[in-house]
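# Architecture and fold: a report
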Amino acid sequence: MRRRCRVTIGDHVFFASRGDILLDAALTNGVGIPHDCRSGHCGICRVHVLNGLAVGGECGEPGAAQACQSRIMSDLQLEIEGLPRLQMAVGRVSAIRKRALDVAEINIEPSQPIRYLPGQYLRVQFRGYPMRCYSPTASMEDLAERDFLHLQVRRIRRGQVSAAIGSDIREGHRVKIQGPFGLAFLRPASLNRLVLVASGTGFAPIWSIAVAAIREHQRRRVVMVVGARTIESLYMMNALCILARYPNVTIIPVVETPQNLSHMIRIGSVAHYVPELSPEDTIHACGPPRLVEAVSRMAAAADAPCYCVPFAPQRAKENALSRALGWFNDVKQSLILAETTDRRAAPRRSPVREHMA
């Protein structure tokens, strides 16, 4: 008979056989570990092993493992990362602002506050258009403003959604919102140096992370390496100047094409200006896959935790009629689900830390 192992998650205790998949054992015993794909790709079921031995599902961060891929090998004491509850809401576009020739910022007023951690993303569907994933960000003018969702969208020629912004998608346009999703969020209560790397609209989640980190600890060491193709596309310069006022913040703007505006703006590849990393750093990178992969390799070589979000164009194949029908059906189902979730008693779960910016 296989040895029975004692598994502790918060104040929940259950027993499982050695070799059992951690996620399956927890769910069988009524302990809810957040999960989605169950194949080791989404990372939502990540746990931290405080004591004991679990094999498989390693995440590249010491003590972290994906429960859907990890097997119980001894008595375990675990901690689940706290994530905001999945929400479904509707809203409307309250403002659209041109940030650069190819970048627009859309402000959305949701029907209810959407709780998310800096660095997470939302699924957003403008009525009549395919759903897209966007990382909400903080206001670039008022760091204290939290009433609206700010989305920074790069316009893609002939894009199914971005090309319609400002024409068919205007102020008052109805929106459906789901989320939050993702694990590349700011881990609070840390004094490690933050190295934040972004290119293009990858700046959106990076700005959200930077603002939250400074709110939490104004003297935290932060290095931001932010790039764009041209000086005209470096739309975030005013926001970077606001952040540069804090004592331990270093800003490194980069453009690909030569410019004569300022010697403070570097020329070349964003990855080339990432500072030397150490295990005491925490790195966040958002932008084109090539940049994200390069930064991830640098962090791995330095044995530093790294949270990456590659930004790639999104495409959808459905036609206009199916999108319209999907809009009405999904909104109705979302509202029913949200109402049902609020009314029924929440399932018993292990206590987790809730992190808010």
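As the structure is a computational prediction, the values presented were derived from the model and not from experiment.

If you check helix α4 (residues 289-302), its first and last C-alpha atoms are 20 Å apart, about what 14 residues at 1.5 Å a residue would give, namely 20 Å. Residues of α4 that are buried include every one of L291, V292, A294, V295, A299 and A302, and no others. Taken down its axis, α4 places every buried residue within 165 degrees of arc, on the same side. The exposed set on the far side of α4, more than 90 degrees from its buried face, consists of R290, R297, A300 and A301.

Let's shift gears to the pattern of salt bridges. As enumerated under the stated definition, the model contains seven salt bridges in all. With a shortest N-O distance of 3.0 Å, E109 and R92 are connected by a salt bridge. Here R92 lies in strand β8 (residues 87-100) and E109 lies in strand β9 (residues 103-110), a separation of 17 residues in the sequence. A salt bridge links E141 to R99; its shortest N-O distance comes to 3.0 Å. Placement of the pair is E141 in the loop between β11 (132-134) and β12 (149-154) and R99 in strand β8, with a sequence separation of 42 residues. On the accessibility criterion, R99 (14% relative accessible area) is buried. Salt bridges sharing partners connect three or more residues here, namely R97, R99, E105 and E141.

Okay, the confidence of the model for the protein next. Averaged over every residue, the pLDDT of the protein is 84; residues scoring 70 or more account for 84%. pLDDT under 50 marks residues 329-357. Its contacts with residues more than four places away, or in other chains, come to 38 contacts.

Scoring rules and cut-offs
- Residues numbered from 1 in each chain as written.
- Predicted model: local features only at pLDDT ≥ 70, side-chain atom pairs only at ≥ 80, totals over all residues.
- Heavy atoms only, no water.
- Helix = DSSP H or I, 4+ residues; strand = E, 2+ residues; numbered from the N terminus.
- Expected span 1.5 Å × (residues − 1).
- Buried < 20%, exposed > 50% of the residue type's maximum accessible area, 1.4 Å probe, protein only.
- Arc of directions from axis to C-beta.
- Salt bridge = Lys/Arg side-chain N within 4 Å of Asp/Glu carboxyl O.
- pLDDT = per-residue confidence, 0-100.
- Contact = heavy atoms within 4.5 Å.

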